[in-house]
Amino acid sequence: MDIIVQILEKIPRRIKACFLSGLGFGFLTHMVMLTHKLPNWDDLGNYNAFGVGGEFGRWALRFVHPLGGIWSNPWINGVLTLVLLSVAFCFFYEGLELKSITSAVLFPMILMTFPSLASVLTYMFMADLTGFSICLAAIAFYLARRYPRGFLWGVPCLVFSMGIYQSHICFTISALLMALLTDSLKAENTFGKLMKRGASYAVMLLGSTVLYYIVAIARYPQLVMTEQNGIGSMGHISLLRLPKLVVKGYLRIARYFLFGSYSFQSGFMHVCNLLVFIVLIVLFILAVRKKEIHKKRGNFVFSLMCVFLFPLGMSFVDIMAPDANFSMLMIYQFAFFYAAVLVLYEQLGRTGKRLQELVSLAGLLLVLLTGYGDFLVTNEAYFRMEMTYERVYAYLTRIMVRVESMEGYQAGDPILLVGTFDEESMAGYRMEEEKFYDYSGVALEYGLMTPGARENFIRIFFGRQMEYAPEETDEIKASPEFQSMAVYPSEMSIKKIGGRWIVRIS
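These remarks concern the structure in this document.

What counts and how
Residues numbered from 1 in each chain as written. Predicted model: local features only at pLDDT ≥ 70, side-chain atom pairs only at ≥ 80, totals over all residues. Heavy atoms only, no water. Helix = DSSP H or I, 4+ residues; strand = E, 2+ residues; numbered from the N terminus. Rg over C-alpha atoms; globule rule 2.2 N^0.38 Å. Buried < 20%, exposed > 50% of the residue type's maximum accessible area, 1.4 Å probe, protein only. Contact = heavy atoms within 4.5 Å. Pairing = 2+ DSSP bridges. Expected span 1.5 Å × (residues − 1). Phe/Tyr/Trp six-rings, centres within 6.5 Å; stacked < 30°, edge-to-face > 60°. Lys NZ or Arg CZ within 6 Å of the ring centre and 35° of its normal. Salt bridge = Lys/Arg side-chain N within 4 Å of Asp/Glu carboxyl O. Axes fitted to C-alpha atoms, helices over the stretch in contact; angles between N-to-C directions. Parallel < 35°, antiparallel > 145°, perpendicular 65-115°, else oblique. Nonpolar A, V, L, I, M, F, W, Y, C, P; charged D, E, K, R; others polar. Bend = angle between axes of the 7 residues up to and from the residue. Patch = residues over 30% accessible without salt bridge, like charges linked within 9 Å, V, L, I, M, F, W, Y side chains within 5 Å. Areas by Shrake-Rupley, 256 points an atom, 1.4 Å probe, with all protein chains shown as cover. Lys, Arg positive; Asp, Glu negative; His and termini not counted. Charge placed at Lys NZ, Arg CZ, Asp CG, Glu CD. Left-handed = near helix turned anticlockwise from the far one by under 90°.

Here's the deal with the overall build of the protein chain
When you go through the protein chain residue by residue, the secondary structure sums to 21 helices and three strands. Taken over C-alpha atoms, the radius of gyration comes to 26 Å for the protein chain, in line with the 23 Å a tight globule of 506 residues would show. Viewed in the frame of its principal axes, the protein chain has a C-alpha envelope of about 85 × 60 × 50 Å. With 506 residues in all, the protein chain has 54% of them scored as buried. In the protein chain, of all internal contacts separated by at least 6 residues, the share reaching a separation of at least 24 is 78%.

A word on the pairing of strand β3 (residues 500–504)
Summarising burial for β3: five of the five residues are buried, a large majority. Across the two faces of β3 the burial is the same, with R500, I502 and R504 and W501 and V503 all buried. Sheet analysis places strand β1 (residues 415–418) next to β3, joined by four bridges and oriented parallel. Directly across from I415, in β3, lies its bridge partner W501. As paired elements, strand β2 (residues 494–497) and β3 share four bridges and run antiparallel to each other. Note that in β3 the partner of I497 across the bridge is R500. Hairpin connection between β2 and β3: a loop of two residues separates the two successive antiparallel strands, and G498 in this loop has a positive phi of roughly 55°.

Description of the environment of L67
If you trace the backbone, L67 turns up in the loop between α4 (61–64) and α5 (74–95). Using a relative accessible area of 41% as the deciding quantity, one classes L67 as partly exposed. The spacing of L67 and F336 is 269 residues in sequence and 27 Å in space, taken between C-alpha atoms. If we skip the residues at most four places from it in the chain, L67 touches L80, L84, D128 and F132.

What to know about helix α8 (residues 127–146)
Residues lying three or four places apart along an α-helix face the same way, a consequence of the helix completing one turn every 3.6 residues. Along its 20 residues, α8 runs 28 Å from first to last C-alpha, staying within 8% of the 28 Å computed at 1.5 Å per residue. Counting buried residues in α8 gives 17 out of 20 residues, a clear majority hidden from the surface.

Digging into the packing of aromatic side chains
The final tally for this structure, using the stated rule, is 37 aromatic pairs. Ring centres of Y409 and W501 lie 6.3 Å apart, and the angle between their planes is 55°; this geometry places the pair in the tilted category. Remark: W501 occurs in strand β3 and Y409 occurs in the loop between α17 (354–404) and β1; sequence separation between them is 92 residues. W501 matches Y409 in its accessibility class, with the two residues each being buried. Stacked on the ring of Y262, the Lys or Arg R255 has its end atom at 4.5 Å from the ring centre.

Concerning the pattern of salt bridges
Taken as a whole and assessed by the stated rule, the structure comprises 14 salt bridges. Put simply, D43 and K37 hold a salt bridge, and the shortest N to O gap is 2.8 Å. Two residues, D318 and R252, come together in a salt bridge whose shortest N-O distance is 2.8 Å. Here R252 lies in helix α12 (residues 242–259) and D318 lies in helix α15 (residues 317–320), a separation of 66 residues in the sequence. This pair shows no difference in class: D318 is buried, exactly as R252 is. Sharing partners across several salt bridges, the network here consists of E97, R145, D183, K186 and R197.

As for the packing of helix α6 (residues 101–113) against helix α16 (residues 336–348)
It is at 9 Å that the axes of α6 and α16 come closest, and there the two elements cross at 170°. Comparing the axis directions of α6 and α16 gives the class roughly antiparallel. Residue-level contacts link T102, S103, L106, F107 and I110 of α6 to F336, Y338, A339, L342, Y345 and E346 of α16. When grouped by side-chain class, the residues that make up the contact of α6 with α16 number eight nonpolar, two polar and one charged.

Considering unusual backbone geometry
Here Y488 and P489 are connected by a cis peptide whose omega angle stands at 15°. Looking at the secondary structure, you find P489 in the loop between α21 (480–483) and β2. Unusually for a residue other than glycine, E97 sits at a positive phi of about 60°. Mapped onto the fold, E97 is located in the loop between α5 and α6. We classify E97 as partly exposed; its relative accessible area is 34%.

Concerning the sheet that holds β2
Across a sheet, paired strands are connected by hydrogen bonds in the backbone, their directions being either parallel or antiparallel. Strand order across the open sheet formed by three strands is β1-β3-β2, with mixed pairing between neighbours. What marks the edges here is a single partner per strand, and that holds for β1 and β2. Neighbouring strand axes in the sheet, compared pairwise and without regard to direction, differ in orientation by 30° on average.

Brief notes about helix α14 (residues 297–314)
Its 18 residues give α14 an end-to-end C-alpha distance of 26 Å, which sits within 8% of 26 Å, the value for a rise of 1.5 Å per residue. In the structure, α14 departs most strongly from a straight axis at F308, where the bend amounts to approximately 30° and where the proline P311 lies between one and four residues downstream. Within α14, burial applies to N299, F302, S303, C306, F310, P311, L312, G313 and M314. Packed against the buried residues of α14 are α10 (169–184), α11 (191–219), α12, α13 (267–291), α15 and α16.

Re a positive patch on the surface
There is a patch of like positive charges on the surface, built from R289, K290, K291 and K353. Among the structural elements, K291 can be located in helix α13. Here K291 falls in the partly exposed class, since its relative accessible area comes to 30%.

Quick look at the packing of α5 against α8
How two helices sit against one another is set out by the angle between their axes and by the gap between those axes. At a closest axis distance of 8 Å, the pairing of α5 and α8 adopts a crossing angle of 15°. As far as their axial angle goes, α8 and α5 are roughly parallel. Of the two possible hands of crossing, α5 and α8 adopt the one that is left-handed. Here α5 contributes N77, L80, T81, L84, L85, V87, A88, F91, F92, E94 and G95 to the contact with α8, which in turn contributes A127, D128, G131, F132, I134, C135, A137, A138, I139, F141, Y142 and R145. The class makeup of the residues in the contact of α5 with α8 is 16 nonpolar, four polar and three charged.

Next comes the structure, spelled out in structure tokens:
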């Protein structure tokens, strides 16, 4: 009895294709990040830690952190991330009732190339935990779709998923709205049945959010008073403020897909996104006409509700945590915008009508083009991070050599860098710094040279203990000895003051 063969034989071919496509596009897109150690400021501070925990409402991080070992290891954490996401995409694919091999290949491609995943991997110390969280969100979606009482079983999955990273509930919301849209296009589903199903999903989402919040407060009672990144306001929605938050959510979607106003978006991607938007409208109209849903008023109204709520579901984090700072990690679910093309493409099927088949073909072509555009910007970001690492390493190497060659220096003497890094010191060859300003997690030279990050960089990559004394820096700056110093790399930029070797970098 060959157990593995028996298991594989029970898995449908389309699911195998979906999983393998996820791994294939994942490795193809992110191999650079998996085989190089390209840190950002947070990764430098969490080489053997999981980052924030209960104080940010992420109480589950400590329990799943050992999943990939304690170190921020790009191969282990990165491979686990891709495997977990590939599993998650299979659950989403099956829950959306996609059937074709075309969708099985393109659906994972969309999600593996979307720029937010690169942002996830720049925070390598918790990338695998992010993959686990999204996998739980996908399982919750699948359970709600597959089983009559599945929405109840989905609650613990979502609670734990939010305990890792709260915004991943938006994956479940977006997928459920897409699934409800497909349900509304089926003649056998009455308006009452659709409303009942939608209500069960709402119970799962609301129950998960409430239970998560109870657990988060129990784990960290001071959570409601946390002001950083709007954490304390999470879940507190003023009815007077709600209309503005809804508008904010729609505008965030419009900025990405219609206006192309994110710094890393090229003109090519802007045009592609506009065309995808147009194709989605046409595909929806064609699907409604083919299924004759416009003749069933209840189903038609329900489908319009799903279409209207879908962008809001993708941007629900703006309502859930209205004061949170923008992060690319929070918009990963925007990739479902492209996945909607596949969902509507399968609803049309083979019609024999030239217009419908041309629109479907155009939609698939646009999905491929946007995937390629995202692949390009992702690897441009990785390349820029690699150049940042090399430049900062070279810069700090020169400083360390200068300090250790000073007369009177002895091994183990404390060294303190004082001042703010001057970006102009590495401006001899510009590398589109402004292109990555909106690309969360992508480290530029200034990011790695901020106080705290630069000291961690030296500790990790030089194996040299460095002092970080922000409380004493002002006192040192006010001293006559410091005032007489020049700025690095001048000859008088390094001096021993009060037992420390001070390097004035600005």
